[in-house]
Amino acid sequence: DNCSDRTAEIARAMGAVVYERVDTQRPGKGHALAWGFGRIREDHQDVDAIAMLDADCEASSNFLQVMSRHVTAGAAGAQATIKIQNPDEAWSAALQAASFGLINEVHARGRQRLNLFWRPQGTGTMLTVGLLDRVPWDAFSPFEDVEYSARLIAAGERFDHAGEAVVTTRAATALQATAEQQRRWESGRWALLTKWLPKHLRAAVRQRDPRRLIAALELVVPAQSRLLVTTITTAIAGRALSLRSVERLAAFSLAGQASYVLGGLFVAGAPPSVFSALLRAPVLAIWKIPLHIRGMAGRGSSRWIRGPRTTT
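Rules of the game
Residues numbered from 1 in each chain as written. Predicted model: local features only at pLDDT ≥ 70, side-chain atom pairs only at ≥ 80, totals over all residues. Heavy atoms only, no water. Helix = DSSP H or I, 4+ residues; strand = E, 2+ residues; numbered from the N terminus. Rg over C-alpha atoms; globule rule 2.2 N^0.38 Å. Buried < 20%, exposed > 50% of the residue type's maximum accessible area, 1.4 Å probe, protein only. Contact = heavy atoms within 4.5 Å. Areas by Shrake-Rupley, 256 points an atom, 1.4 Å probe, with all protein chains shown as cover. Core = buried A, V, L, I, M, F, W, Y, C linked by side-chain atoms within 4.5 Å. Axes fitted to C-alpha atoms, helices over the stretch in contact; angles between N-to-C directions. Parallel < 35°, antiparallel > 145°, perpendicular 65-115°, else oblique. Nonpolar A, V, L, I, M, F, W, Y, C, P; charged D, E, K, R; others polar. Arc of directions from axis to C-beta. Polar contact = N/O pair within 3.5 Å; in protein donor to acceptor, adjacent residues only side chain to side chain. 1 Å grid on protein atoms, 1.4 Å probe; cavity = no way out; pocket = protein on both sides within 12 Å on 5 of 7 lines; lining within 4 Å. Points joined across faces, edges and corners; volume = space filled by probe spheres on them. Salt bridge = Lys/Arg side-chain N within 4 Å of Asp/Glu carboxyl O.

**Points about the overall build of the protein chain**
Argument step 1. Along its length, the protein chain carries 13 helices and five strands.
Argument step 2. Taken over C-alpha atoms, the radius of gyration comes to 20 Å for the protein chain, in line with the 20 Å a tight globule of 312 residues would show.
Argument step 3. The C-alpha extent of the protein chain, read off along each of the three principal axes, is 70 × 50 × 40 Å.
Argument step 4. Evaluated residue by residue, the protein chain yields a buried proportion of 40% over its 312 residues.
Argument step 5. For the protein chain, restricting intrachain contacts to residue pairs at least 6 apart in sequence, the fraction spanning at least 24 positions comes to 73%.
Argument step 6. Total accessible area computed for the protein chain in this model is approximately 17500 Å², and 58% of it derives from carbon and sulfur atoms.

Set out below in structure tokens:
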């Protein structure tokens, strides 16, 4: 997609069928996916489902088998577990591995136990063509995966967590290298909250739909970094103003967060480097404050910017 290197040439030499798209007026992954879905379905009309895997990811050998099993069992789509491949290379990569572990191992498993559907995460995803007929792909913002996820929740589509399949990706080893991606995530979070919170709440009340209520509540749950900053700030304010009840509340919140993070990472089987990197979590939380503020003010990333690439 708008590629200026030898990716297509090398992929063809390795035996892949390559579709090349050049459209500088409509850049970005969302437009590329919509275009690609159309081309694949036009050329292969017997296809039942389409899998998505980012170029910098590696899939486990059972990936297609596991995903196919879920859609054959009636799911409209499925999402594999995403793991960070290089948590030992830098503390920032280890903290990203912690985040992915809590989302993909704890949150996803919890939703599965409660019979709540999971969501596509942009890579390691399979969508059936039937789903694309019912809920066409028209997510073109820089946070296309969360945008499409909200539409799937509203449509009541079954989307499975296929935890038996694993997709690994490498995290950037410098915080600044992830700044644009972090800005995109923050702006996506706030845009999703603004657009979908009222819709989910109205549907939850009118249709008495607990899934829509849970979807609404999840939108207002703060990110771990924001929760940490808020708790520490509250503790400092309570101490400065001699408000013992505020201090106790902050201590209770911090203990609860620590239990969730440490227990969740233990369940996820995180390596020692991830646990040791948690000591740097306040640094990451402070670094992300301006990103939170920009997202709340609507000044986050509004266009797709290709992330850093490595070559071999």
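**Regarding the nonpolar core**
Argument step 1. Within the largest apolar cluster, 18 residues are counted, with the highest numbers of intra-cluster contacts made by Ile-84, Leu-265 and Val-274.
Argument step 2. Mapped by element, the contributors of at least two residues to this core are strand 3 (77-84), helix 4 (91-113), helix 10 (244-268) and helix 11 (272-277).
Argument step 3. When residues of this core are assigned to their parent elements, the largest contribution, seven residues, is made by helix 4.
Argument step 4. When near neighbours in sequence (up to four residues on either side) are disregarded, Leu-265 contacts Ala-98, Leu-102, Ala-270, Val-274, Phe-275 and Leu-278.
Argument step 5. By size, the runner-up hydrophobic cluster in this structure holds 14 residues, among which are Leu-33, Ile-50, Leu-132 and Leu-152.

**Some points on the packing of helix 4 against helix 10**
Argument step 1. At their nearest, the axes of helix 4 and helix 10 sit 9 Å apart, and the two run at 80° to each other. Classified by the angle their axes make, helix 4 and helix 10 are roughly perpendicular. Here Ala-98, Gly-101, Leu-102, Glu-105, Val-106 and Arg-109 of helix 4 lie close against helix 10, whose contacting residues are Tyr-260, Val-261, Gly-264, Leu-265, Val-267 and Ala-268.
Argument step 2. When the residues that make up the contact of helix 4 with helix 10 are grouped by side-chain class, the tally is eight nonpolar, two polar and two charged.

**Focus: helix 8 (residues 210-220)**
Argument step 1. Among all positions in helix 8, only Arg-212, Ala-215, Ala-216 and Leu-219 are buried. An end-on view of helix 8 places all buried positions within 100° of arc, on one side of the element.
Argument step 2. If you check the start of helix 8, you find a side-chain oxygen 3.0 Å away from the backbone N of Arg-211, and it comes from Asp-209.

**Things to note about the layout of surface pockets**
Argument step 1. For the second largest pocket, the calculated volume is near 200 Å³.
Argument step 2. Around the second largest pocket, the lining is made up of 16 residues, and of these Lys-83, Ala-97, Ala-268, Ala-270 and Pro-271 lie nearest the centre.
Argument step 3. Mapped onto the lining of the second largest pocket, the elements with two or more residues apiece are strand 3, helix 4 and helix 10.
Argument step 4. When residues of the lining of the second largest pocket are assigned to their parent elements, the largest contribution, five residues, is made by helix 4.
Argument step 5. When the residues that make up the lining of the second largest pocket are grouped by side-chain class, the tally is 11 nonpolar, three polar and two charged.

**Topic: the environment of Ala-171**
Argument step 1. Structurally, the position occupied by Ala-171 is in the loop between strand 5 (159-169) and helix 7 (179-207).
Argument step 2. Along the backbone, Ala-171 and Ala-270 are 99 residues apart, and their C-alpha atoms lie at a distance of 15 Å.

**Here's the deal with the pattern of salt bridges**
Argument step 1. Counted by the stated rule, this structure contains 16 salt bridges.
Argument step 2. A salt bridge links Arg-21 to Asp-1; the nearest nitrogen and oxygen atoms lie 2.3 Å apart. Placement of the pair is Arg-21 in the loop between helix 1 (7-13) and helix 2 (29-43) and Asp-1 in the segment before helix 1, with a sequence separation of 20 residues.
Argument step 3. Two residues, Glu-89 and Arg-170, come together in a salt bridge whose shortest N-O distance is 2.8 Å. Of this pair, Glu-89 sits in the loop between strand 3 and helix 4 while Arg-170 is found in the loop between strand 5 and helix 7, placing the two residues 81 residues apart along the sequence.
Argument step 4. Glu-89 sits in the partly exposed class, given a relative accessible area of 45%.
Argument step 5. Judged by relative accessible area, Arg-170 falls into the partly exposed class, the value being 45%.

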